[in-house]
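Remarks on the overall topology
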Amino acid sequence: RLRADYLEQALAKQGVRSLNYSSPNKSALLCYDLASFAKEKFVGPLMLKSPHKEKPLQVGMPKVPGKSILRLSPHIHNTEAELQDAAEILVSALK
């Protein structure tokens with residue numbers, strides 16, 4: 001949960017707000033409105049191009065009726081540097 005909080009806060013500082021609600025029992029999955037992101041930045045259904053990284057960022061895009069959702073699920077093995085890279089890639093996709 002700490003990694004999800006770190007990523008959510010890093011994105012919030014850049015003006016990217018999650019669809020998650022605040023709760024002591026909230027999930028480590030983060031969801032964002034896909035309409036906020038530039039479609040041309042997506043390499044495939046689950047890959048987001050990075051302007052300055054070799055590897056694209058893998059994201060989830062679950063089907064939710066009436067909404068396009070981008071889902072992030074940071075894991076225990078993700079480092080703080082990887083989460084910061086993810087935040088930078090996502091912020092660049094908004095431009």
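Now for a quick tour of the structure. Numbers given to residues run from 1 along each chain, matching the order in which its sequence is written. The predicted origin of the model limits local features to residues at a pLDDT of at least 70 and limits the giving and counting of side-chain atom pairs to 80 or more, whereas totals for whole chains, interfaces and linings rest on all residues. Water and hydrogen atoms play no part in the side-chain values, which are based on all heavy atoms of the structure.

Each helix corresponds to a stretch of at least 4 residues labelled H or I by DSSP, and each strand to a stretch of at least 2 residues labelled E; elements are numbered beginning at the N terminus. Looking only at helices and strands, the protein has two helices and six strands in total. Burial classes: relative accessible area under 20% of the type maximum marks a residue as buried, over 50% as exposed, and values in between as partly exposed (1.4 Å probe, protein chains only). Evaluated residue by residue, the protein yields a buried proportion of 34% over its 95 residues. When checking whether two residues touch, look at their non-hydrogen atoms; a contact exists if any pair is within 4.5 Å. Of the contacts made within the protein by residues no fewer than 6 positions apart, 59% connect residues no fewer than 24 positions apart.

Before going further, it helps to examine the sheet that holds strand β5 (residues 63-64). When DSSP finds at least two bridges between two strands, those strands are taken to pair. Sheet architecture is open: three strands sit in the order β1-β6-β5, paired in antiparallel fashion. One side of each edge strand has no neighbouring strand; the edge strands of this open sheet are β1 (30-33) and β5. Inspection of the sheet shows β1 paired to strand β6 (residues 67-72) by four bridges, in the antiparallel sense. Note that in β6 the partner of C31 across the bridge is R71. For helices, the axis comes from a line fit to the C-alpha atoms of the stretch in contact; other axes are also lines fit to C-alpha atoms, and the angle between any two N-to-C directions lies between 0 and 180 degrees. Contacts from helix α1 (residues 2-13) reach β1 and β6, with the element oriented near 25 degrees to β1.

A word on the nonpolar core. L7, L11, Y32, F37, L70, L72 and L90 are the most contacted members of the largest nonpolar core, which has 21 residues in total. Secondary structure elements with two or more residues in this core: α1, β1, β6 and α2 (80-93). Among the elements that take part in this core, α2 stands out by supplying seven residues, more than any other. Apart from the residues lying within four places of it in its own chain, the contact partners of Y32 are E8, L11, V16, R17, S18, L19, F37, S68, I69, L70 and L72. Nonpolar cores are built from buried Ala, Val, Leu, Ile, Met, Phe, Trp, Tyr and Cys residues. Side-chain atoms within 4.5 Å join them into one set.

Before going further, it helps to spend a moment on the side chain of S18. Here S18 lies in the loop between α1 and β1. A polar contact of 2.6 Å, which involves the side chain of S18, links it to the side chain of E8. The residues contacting S18, other than those within four sequence positions of it, are E8, C31 and Y32. Contacts described as polar in this section are N or O atom pairs within 3.5 Å, which, within protein, must combine one atom able to donate a hydrogen with one able to accept it, while residues neighboring in sequence count only if both atoms come from side chains.

With that settled, the discussion passes to the packing of α1 against α2. Relative orientation of the contacting elements α1 and α2 amounts to 35 degrees, with a least axis distance of 9 Å. Handedness of the crossing formed by α1 with α2: right-handed. Of the residues in α2, those in contact with R3, Y6, L7, A10 and L11 of α1 are E80, L83, Q84, A86, A87, L90 and V91. Residues are grouped as follows: Ala, Val, Leu, Ile, Met, Phe, Trp, Tyr, Cys and Pro are nonpolar; Asp, Glu, Lys and Arg are charged; every other residue, Gly included, is polar. Residue classes in the contact of α1 with α2 are distributed as nine nonpolar, one polar and two charged. Handedness of each helix crossing follows the sense of rotation of the near helix against the far helix: counterclockwise by less than a right angle gives left-handed, clockwise gives right-handed.

From the geometry alone we can't say anything about function, so treat these as descriptive.
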